[in-house]
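# Coordinates in review
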Amino acid sequence: MSGKSNIQGPQTAGSIPVPLLDVNRGNEPLLPEIMQKLEAICRSGQFIGGPHCKELESLVAGLCDVPHAIGCASGSDALLLSLMAIDIGPGDEVILPSFTFFATASAVTRLGATPVFVDIDPATYNMNVALIESLVTSRTRAIIPVHLFGQCCDMDAIGQIAERHGLHVIEDACQSLGATFNGRKAGSLGSMGCISFYPTKNLGGFGDGGMVVCRDTRLAERIRLLANHGMQPRYYHQEVGINSRLDAMQAAVLARKVPQLDNYAAARAENARTYMQELQMAGLGDAIVAPGVDRRCGHVWNQFTVRIPAGMRDKIRAGLTERGIGSEIYYPVPLHRQKCFAGLCVDPKSLPETDKAAAEVLSLPVFPELSLRELRAVVGALADMLGGISDMRRAA
Ligand SMILES: *Cc1c(COP(=O)(O)O)cnc(C)c1O
C-alpha cells in the first residue's frame, strides 16, 4: 500500500487508495491449510480428476441443490459443453443478452449457431423478459439467461416462455453461485447451469476452473463424456468432444473455500447495503443510480454496479483512478457492437437499454473484506466530484 502514497490528484482528508478487488485478503487466512493440501497433491502425483475433484463436484451440486455437477476447465467451457450436450449447431438460434461477458455468446458462435441478442431491464441489467418472445423463431433452440452481477433473471417468466416454445434454458450463473430466485438456487432453475471459478468470481480459484450443474442424469453423463474427448472407455471415442478438465489443485483450493461462500456473500451484501445508505446520506441519490434489486432474488453481489448518467461516467471513473480507487466498466462494448459479431448484422438501434448501460455503468469495490473506511473513501471521492454535500457532512 505504501508504494501508492505518491498518487497525484485532489487528495482530500481521509482519502485512501482502495482496490477494486483484493483476492489476497480472502485467501490469506486459508493459506496454511490450502498449502498443506497442495503439497499433498504434489506428492500424490495425481493432478487431474481424483478425490479432490469429486469432493468439489459434490459440494457444488449441494450448493446448487442439484444431483449432478461436472468439473471442467472454465466457465466458458461450461457454456460450450452445455450447448454441445443439447446438440446446438448450424441453423440454430440461441437467445441471450448482449450486455454480458463475451463467453456467453462465443460458445454459441463456436458451434456454428447464431446468438440472438435481447435487450436488458435498465434496473437490474438482466434480460428484459418482455422482449424474449418477439425474438423466438422456428430456429430458436435455447435461451441463456445470464444472472449478471450476482442477481438471477426473472426465471418464472423465462421458464414459462421456454415451456411454451419447447426451448432449453441454460443458466449462465458464472457470477451468481449461491444466488437464489424465489428461494431456489441459481443453476437449478434451467436444464443446466454454468459456473466459473475464475479468481474474480464469488468462489474464485488460484487459476481457471468451471463446472456444469444439472438435474438430468443422462445430460450429466453426456457432459462428462464431452468434456473428456467423448472417450468411453479409454481410447474409444463415442463422439467428438473437447478436452476440458478441472485439476486437483484448483479443486482442493475451491473445496476449502466452499464453507466460506455464504459468509462472503453476506459480507458483499452488507457492503452493498452500506453503499446505498452512504450514497443517500451523501446526497448522491440522484447523481448515482444504485442497482435495482428484484425482491424475489437472493443477490450475491459479485459486482456493485451503479449508473452515472448524463455523460459523467468516464470523468468520474478517471477521478477515482486519480485518487487510487479501483473501479471497472462491465461492460464497455456490448456484444452486438463487437467487431467479431459484425456478421450477425444486428440493427445497432435495436438494443437501446444495452447501449445506455454500456455508457453509464461503473462497478465499485464490493469484495467481502472491503473495510467501512475504504467504502466511505469511495463514497467520499464520489461526493467530492459530484457535489459539495460531503463537505457539509464532514463539517457536521
Ligand atoms: C466469468 C464469466 C464467464 C466465463 O467464465 P471463465 O471461467 O472466465 O471462462 C461467462 N459468463 C459470465 C457472465 C462471466 O462472468
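Residues numbered from 1 in each chain as written. Predicted model: local features only at pLDDT ≥ 70, side-chain atom pairs only at ≥ 80, totals over all residues. Heavy atoms only, no water.

### Regarding the overall build of the protein chain
The number of helices and strands found in the protein chain is 13 helices and 12 strands. Among the 396 residues that make up the protein chain, the fraction classed as buried is 53%. Contacts in the protein chain between residues at least 24 apart in sequence constitute 71% of all its contacts with a sequence separation of at least 6. Carbon and sulfur atoms make up 53% of the accessible area of the protein chain, which totals about 17400 Å². Computing the positive centroid from 37 side-chain charges and the negative centroid from 40, the protein chain places the two 2 Å apart. (Helix = DSSP H or I, 4+ residues; strand = E, 2+ residues; numbered from the N terminus. Buried < 20%, exposed > 50% of the residue type's maximum accessible area, 1.4 Å probe, protein only. Contact = heavy atoms within 4.5 Å. Areas by Shrake-Rupley, 256 points an atom, 1.4 Å probe, with all protein chains shown as cover. Lys, Arg positive; Asp, Glu negative; His and termini not counted. Charge placed at Lys NZ, Arg CZ, Asp CG, Glu CD.)

### A short note on the site of the ligand
Taken together, 15 residues are adjacent to the ligand, and Gly75, Ser76, Asp172, Ser196 and Lys201 come closest. A distance of 2.8 Å separates an oxygen atom of the ligand from a polar backbone atom of Gly75. Asp172 places a side-chain nitrogen or oxygen 2.8 Å from a nitrogen atom of the ligand. For the ligand, the protein covers 93% of the area, taking 380 Å² as the surface of the free molecule. Breaking the shell around the ligand down by element, the ones donating at least two residues are helix H4 (75–85) and helix H5 (103–110). With 3 residues, the single largest contributor to the shell around the ligand is H4. Class assignment of the residues belonging to the shell around the ligand gives a composition of 5 nonpolar, 8 polar and 2 charged. (Near = heavy atom within 4 Å. Polar contact = N/O pair within 3.5 Å; in protein donor to acceptor, adjacent residues only side chain to side chain. Nonpolar A, V, L, I, M, F, W, Y, C, P; charged D, E, K, R; others polar.)

### What about the packing of helix H10 (residues 313–322) against helix H12 (residues 372–386)?
Where H10 meets H12, the closest approach of the two axes is 10 Å, and the angle between their N-to-C directions is 130°. One element, H10, and the other, H12, form an angle in the oblique class. Crossing of H10 against H12: the hand is right-handed. Where H10 approaches H12, its residues Ile316, Gly319 and Leu320 are matched on the opposing element by Val378, Ala381, Leu382, Met385 and Leu386. Looking at side-chain class alone, the contact of H10 with H12 contains 7 nonpolar, 1 polar and no charged residues. (Axes fitted to C-alpha atoms, helices over the stretch in contact; angles between N-to-C directions. Parallel < 35°, antiparallel > 145°, perpendicular 65-115°, else oblique. Left-handed = near helix turned anticlockwise from the far one by under 90°.)

### Considerations on the sheet that holds strand E10 (residues 297–298)
Here 3 strands make up an open sheet; going across it, the order is E7-E6-E10 and the pairing antiparallel. Taken across any chain shown, the strands that pair with only one partner, and hence form the sheet edges, are strand E7 (184–185) and E10. Where strand E6 (residues 180–181) meets E7, 2 bridges bridge the pair, whose relative direction is antiparallel. Bridge pairing links Thr180 to Lys185 in E7. (Pairing = 2+ DSSP bridges.)

### Some words on the sheet that holds strand E3 (residues 114–118)
Each strand in a sheet pairs with another by means of backbone hydrogen bonds, the pair being arranged parallel or else antiparallel. The 7 strands lie next to each other as E1-E9-E8-E5-E4-E2-E3, forming an open sheet whose pairing is mixed. Edge positions in the sheet fall to strand E1 (68–72) and E3, since each of these pairs with one other strand and no more. Going across the sheet, the axis of each strand differs from the next one's by a mean of 25°, ignoring polarity. Sheet topology places strand E5 (residues 168–172) next to strand E8 (residues 192–196); 3 bridges connect them, and they run parallel.

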